[in-house]
Each structure stands twice: as structure tokens, then as C-alpha cells.
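Spelled out from the first residue to the last, the chains are:
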Amino acid sequence: MAPKLLLTFVIYRLITTVGLTLDPTDLLRLGLDGHLSVDPSDVAGASVDFGMMTRAAPLAVLYPSSAEDVARMVGAAYRSAHGFSVSAKGHGHSINGQAQTSSGVVIEMSVSEGVRQWGLPRVSEKSMYVDAWGGELWIDVLTTTIQYGLAPKSWTDYLYLSVGGTLSNAGISGQAFNHGPQISNVYELDVVTGKGELLTCSEEQNSELFHAVLGGLGQFGIITRARISLEAAPQRVRWIRVLYSHFSTFTKDQEYLISLHGQPSNQKFDYVEGFVIVDEGLINNWRSSFFSPRNPLKISSFGATGGVLYCLEIAKNYHDSSAETIDQDVEALLKKLDFIPSSVFTTDLPYVDFLDRVHKAELKLRSKGLWDVPHPWLNLFVPKSRIADFDEGVFKGILGNKTSGPILIYPMNKNKWDDRTSVVTPEEDVFYLVALLRSALDSGEEAQSLEHLANQNRQILRFCDDAGIKVKQYLPHYTTQQEWLDHFGHDNWTLFSKRKMAFDPRRILATGQRIFQPPTPALSASSFMPSLYYYS
């Protein structure tokens with residue numbers, strides 16, 4: 001079937017099956033090299049995300065072959081007299097429908113053969129960077145760069161996320177205290193703005209767009225290429241977990257470790273995270289791979305106050321050539337910490353295996369049917385000055401003794417974040433990520449139900465508001481513009497809105513974030529039937 005005839009057929013199906021309300025001539029003129037689909041399986045795949053708590057079926061799904069395809073589609077939306085939205089979808093790991101749209105087109109940014117023909121990811125050994133397609137998964141970026149003995153500096157815990165997706169939020173893990181979030185490690189971007197313009201931007205070129213898009217929640221453009229900073233990749237990792245029964249001691253040690261970010265590499269850890277253990281009895285959850293199920297540990301055996309334990313998770317990178325000194329370096333750092341002496345759990349593994357550790361847990365959960373379930377996650381940035389109050393009110397209060405998933409907690413240094421980007425963080429030099437990464441299970445147990453976990457999230461936010469704890473949501477989700485204004489604060493909201501008007505004035509992009517009112521289609525599908533046949 002000729003390409004234009006095929007596209008005409010797709011548009012006809014859009015009209016007859018899902019009620020297309022935009023002028024089909026806008027799409028017929030695009031000259032797309034990729035594939036525009038209304039296949040029910042494609043539409044269904046774009047209708048859900050990892051959160052599995054919201055569903056929105058797009059009018060069509062575009063599988064682009066190039067950045068130009070992305071620009072053509074967004075340009076059509078921008079020029080359309082009747083309006084439709086465009087949302088970019090990476091690996092679909094959003095929680096609350098942020099990459100969904102029911103009044104437009106979802107662009108499936110995952111890598112296709114057409115994109116592969118660009119030769120991305122492309123590594124520059126001399127300049128120490130990698131160019132990656134916006135829909136590339138970080139695991140594939142790592143697989144490419146490691147062949148050159150190089151790797152990105154900053155990561156997320158889970159590598160099966162898209163480059164454009166994490167850069168549109170921040171991208172954080174245990175390296176952030178040292179290298180900053182992933183958005184602090186980008187040299188250059190190619191971006192399709194809400195006007196359909198394909199622009200290259202950096203600190204020096206189109207800098208306002210560059211800073212707007214980083215952490216911009218997809219509001220200002222779709223990232224089609226990112227130039228990411230690299231460093232020499234270590235070969236192995238010493239991975240350590242130690243336990244604490246007192247929160248103040250736990251946070252003191254975490255804050256001490258991140259204060260070492262400016263020290264020589266042998267005098268600091270390369271990764272600092274932690275998690276909270278509130279489940280009664282066993283403390284062997286899916287992130288606790290150190291604890292053998294055949295030799296389970298109990299919270300009571302460590303004298304936890306308030307029935308809560310805190311686990312410090314740290315890692316030291318090294319090369320085979322420095323294996324003789326790694327024990328000495330680690331021991332020197334551990335001597336300065338006040339953990340429970342009998343609680344040291346250590347393992348040694350290849351660097352790539354350490355970075356990909358969560359995927360192994362994913363495979364286990366998938367095998368048990370526990371991955372494709374609702375995920376009412378709540379991620380908060382909590383100021384250092386109020387983290388103890390948060391512990392008392394949430395960890396030792398609201399949560400009770402059942403969690404239905406891991407609870408991460410670790411501090412970061414604000415000076416590693418660029419305040420010119422769109423991300424909002426607390427106004428303190430040190431702030432914590434608290435991530436309640438819980439799964440709702442249909443087990444018949446109320447504490448694991450979606451309703452119970454969602455209600456707990458609301459309780460936590462209400463507690464913070466009532467206690468005056470000025471948290472900021474990471475991967476934020478709000479339903480009213482007033483809530484977004486409160487999230488950003490007056491000055492940041494003014495800048496955010498100004499950037500929206502500059503780069504996406506018709507409010508086409510990422511309408512699933514519910515920040516701005518989306519464009520509204522004005523006319524019915526039947527009024528465009530004559531033009532369909534005219535352009536066939």
C-alpha cells in the first residue's frame with residue numbers, strides 16, 4: 001500500500017473507531033518516515049503506565065524513525081486550527097499518567113531500527129561523552145559506553161528508563177551527592193519544542209531552552225538527543241549495608257558521608273543511599289538481597305527503637321589494579337561510622353552488575369506476577385532540618401508496621417543541582433529523598449490494597465502540611481494549577497509559565513502532567529470526511 005494511502009487509511013480508522021476531532025489534512029501533509037498506528041494493541045500499550053492507576057487511550061501512536069518525524073508531528077499539532085496534544089513516552093515508567101493523552105498522539109520514543117540507523121548511542125572517547133537518542137534506555141547507554149571503558153557519572157537505581165524521561169525529571173541515585181543528578185551531567189540536547197522546531201541547545205546555545213527542558217516535566221520540548229558526560233568506568237564494586245537502630249545516628253553518618261564529596265576518591269564512598277525497615281519480623285524484602293532467606297533477621301534482634309531499623313547502603317568503586325588497597329580504604333571509612341557493629345553485610349561484584357541490581361529484582365517479581373500491579377509511589381524531597389520530624393510522624397507513625405515495598409532515604413547536596421533548571425528542591429544546603437516505592441496487591445490484606453496505600457500517601461502529605469514541613473514532590477503529581485503554583489513557589493512558577501509561553505504556547509506537550517489546560521478540539525470528525533477522500 002502506498003505510504004499516503006496507508007496514512008489515509010489510518011486517519012479513516014481514527015475517525016471511525018476513536019472519533020478523531022482534528023483535521024486529517026494536517027496529518028496527511030506530514031511525510032512521516034516512521035509509522036503512525038491505530039492498532040488496538042499499540043493504543044492499549046500507550047494507554048497505561050507503570051503506575052497502573054490511570055488509563056487514557058490516545059487517538060494514535062507514532063513510532064518515529066528520526067527526530068524530524070517527531071518535529072513533523074508536533075508541528076502539525078502546533079499549526080492545527082483545531083488542536084491536539086502530543087505526549088512523548090519512553091519506557092512507560094510514569095506513575096500517574098504523565099505520558100498519556102486522550103486527545104492526541106503518543107510518540108513512542110523507544111528505539112526503532114530507523115533510529116538505530118543514526119548510529120546512536122555514539123561515544124567520543126577523546127571528549128568523554130556519549131550521544132544518545134531520547135528514547136534510549138540507560139541500560140543500553142551503559143552497554144555501549146562500557147565497551148570503551150567509560151560510563152556516565154550519575155545514574156538512577158533502575159536502568160530500564162529512557163534518557164529523555166529521566167532528564168525531564170532529574171535522574172537521581174546514590175551518586176547524586178557527588179556528581180549531582182543526571183541533569184547536572186548533560187552537555188547538549190536536541191529538542192523538539194511545542195512549535196515543532198528541532199533545536200540544539202546547551203549552556204552556550206539556546207541556553208534558556210536547555211535549562212527549561214532539564215527537569216521540565218516534558219512541558220517545553222521532547223528530547224531527541226542528549227550528550228552525556230562520561231568518566232572512566234570502574235571494574236568492580238564493594239557493596240556494603242550496615243544497620244542502625246537510632247535515626248539521629250543514621251542521618252548523622254549519611255550527612256557526614258555526603259560531606260566528603262570534594263575529597264580524593266580513596267577517601268569517600270562513591271554511592272550513598274539508605275532505606276527504612278518498618279515491617280515487623282523479617283527484614284528480608286526485595287531490595288535486601290544481602291539477607292539470606294534461610295537465615296532471616298528480625299528487627300527485634302537489633303533493639304530497634306519504635307520498631308524501626310535504618311539501613312545505610314554504601315558502595316566503593318575500584319579497579320582490579322587497586323584490589324589490594326580496597327579493604328584498607330573501606331575499613332578507614334567504616335571506622336568513622338556509628339552503625340550496629342554486628343550488622344555489616346558486604347558483597348563484591350562487577351560494576352555493571354551493581355548498576356543493574358534492581359533489574360534482577362524485577363525479574364524475580366515478574367516471575368511471581370508481582371510486577372504488573374498498581375504502584376502508588378510517593379517521592380518527596382525533605383529538608384534536612386525537618387527530617388527527624390518526618391521520621392517521627394511517618395516512619396514511626398503513619399506507616400505502622402507494614403510497608404508493601406521499599407522505603408528509600410538518602411541525603412543530597414543542593415550545590416550539585418543547577419538552580420537554572422526547572423527542578424524544584426527545598427531551600428536548604430542538604431535535603432533528603434524519601435521514596436515510598438510500594439506495590440498494591442490483591443492479597444485480601446487491607447494494608448496492601450491500593451485504597452489503603454493511596455490514603456496513606458494523602459495522610460503523609462497532610463501531615464507535612466500541618467507540621468509545616470516544606471517538602472517538594474519529586475516526580476510530582478497534582479490535579480490543580482493552584483497546587484502546582486504552591487509546588488513551584490511564586491518566582492519559579494512565573495519563570496515556568498514564561499518558558500511555557502515561549503516554547504509551547506499552545507500547551508500541546510505532556511498534557512498528562514496536568515499543569516496547564518490542554519488544547520481543546522473544536523470540530524467534529526464528520527465535518528472532515530470530504531477532505532479525507534480529497535487527499536487520498
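See the structure shown above.
> Whenever I open this one, the nonpolar core confuses me. Can you help?
As a rule of thumb, nonpolar side chains are buried together in soluble globular proteins. Ranked by internal contacts, the top residues of the largest apolar core, which has 77 residues, are Leu167, Ile172, Leu189 and Met412. When neighbours within four sequence positions are excluded, leucine 167 is seen to be in contact with Gln182, Ile183, Val186, Leu189, Val213, Leu214, Gly215, Ile223 and Ala226. Listed in part, the 42 residues of the second largest apolar core include Phe269, Val272, Val278 and Tyr432.

> Got a minute to help me understand the sheet that holds strand S18 (residues 472–473) in this structure?
Whenever strands of a sheet pair, they do so through backbone hydrogen bonds, lying parallel or antiparallel. Ordered by their spatial adjacency, eight strands build an open sheet running S14-S11-S13-S12-S16-S17-S15-S18, and the pairing between neighbours is antiparallel. Where the open sheet ends on each side, the last strands, each with one partner, are strand S14 (345–350) and S18. Across the sheet, helix H15 (residues 450–467) is in contact with strand S15 (378–383), strand S17 (430–436) and S18; its angle to S15 comes to roughly 15°.

> It is not clear to me how unusual backbone geometry should be interpreted in this structure. Could you clarify?
Across residues other than glycine, the phi torsion is negative in most instances, and most of the peptide bonds are trans. A positive phi angle, near 50°, is found at asparagine 206, a position not held by glycine. Mapped onto the fold, asparagine 206 is located in the loop between strand S9 (198–202) and helix H9 (207–213). Relative accessible area serves as the criterion here: at 38%, asparagine 206 is assigned to the partly exposed category. Look at alanine 510: it is not a glycine, yet its phi comes out positive at around 45°. Mapped onto the elements, alanine 510 comes out in the loop between helix H17 (490–503) and helix H18 (529–534).

> Got a minute to help me understand the sheet that holds strand S1 (residues 35–37) in this structure?
As summarised here, the arrangement of the four strands in space is S1-S2-S4-S3, forming an open sheet in which the pairing is mixed. Each edge of the sheet is formed by a strand with only one pairing partner; in this case those strands are S1 and strand S3 (85–89). Across the sheet, the mean angle from the axis of one strand to that of its neighbour is 25°, orientation sign disregarded. Examined bridge by bridge, S1 and strand S2 (residues 60–63) share three bridges and lie antiparallel to one another. Following the sheet pairing, leucine 36 is matched in S2 by leucine 62. Taken strand by strand, helix H4 (residues 67–79) contacts S1, S2, S3 and strand S4 (104–108), and its axis lies near 165° from that of S4.

> Please clarify how the packing of aromatic side chains should be interpreted in this entry.
Any two aromatic rings considered together are summarised by their centre-to-centre distance and by the angle between their planes. Tallied over the full model, the rule gives 25 aromatic pairs. Arranged with centres 5.3 Å apart and planes meeting at 80°, the rings of tryptophan 239 and phenylalanine 354 form a pair that is edge-to-face. On the criterion of sequence distance, the pair formed by tryptophan 239 in strand S11 (residues 236–244) and phenylalanine 354 in helix H12 (residues 351–355) is long-range, its members being 115 residues apart. Taking 5.4 Å as the distance between ring centres and 75° as the angle between the ring planes, the aromatic pair formed by phenylalanine 390 and phenylalanine 395 counts as edge-to-face.

> Would you take a moment to explain the environment of asparagine 169 for this structure?
You can see asparagine 169 is positioned in the loop between helix H7 (163–167) and helix H8 (176–179). The residues contacting asparagine 169, other than those within four sequence positions of it, are Gly215, Leu217, Val423, Tyr474 and Leu475. Polar side-chain contacts of asparagine 169 include one of 2.9 Å to the backbone oxygen of glycine 165.

> Even after reading the chapter, I still don't get the pairing of S17, so can you show me in this structure?
Working note: regular strand, side chains alternate between the two faces of the sheet. Summarising burial for S17: seven of the seven residues are buried, a large majority. Here S17 shows no split at all, with Val430, Tyr432, Val434 and Leu436 on one side and Phe431, Leu433 and Ala435 on the other all buried. Pairing of S15 with S17 involves six bridges; the strand directions are antiparallel. Opposite asparagine 379, over in S17, you have alanine 435 as the bridge partner. Sheet analysis places strand S16 (residues 407–413) next to S17, joined by seven bridges and oriented antiparallel.

> Would you mind showing me how to read the environment of serine 66 here?
The topology assignment puts serine 66 in the loop between S2 and H4. Through-space distance from the C-alpha of serine 66 to that of leucine 32 is 9.2 Å; in sequence the pair is 34 residues apart. Within polar-contact distance, the side chain of serine 66 engages the backbone nitrogen of glutamate 68 at 3.3 Å.

About the thresholds
Residues numbered from 1 in each chain as written. Predicted model: local features only at pLDDT ≥ 70, side-chain atom pairs only at ≥ 80, totals over all residues. Heavy atoms only, no water. Core = buried A, V, L, I, M, F, W, Y, C linked by side-chain atoms within 4.5 Å. Buried < 20%, exposed > 50% of the residue type's maximum accessible area, 1.4 Å probe, protein only. Contact = heavy atoms within 4.5 Å. Pairing = 2+ DSSP bridges. Helix = DSSP H or I, 4+ residues; strand = E, 2+ residues; numbered from the N terminus. Axes fitted to C-alpha atoms, helices over the stretch in contact; angles between N-to-C directions. Phe/Tyr/Trp six-rings, centres within 6.5 Å; stacked < 30°, edge-to-face > 60°. Polar contact = N/O pair within 3.5 Å; in protein donor to acceptor, adjacent residues only side chain to side chain.

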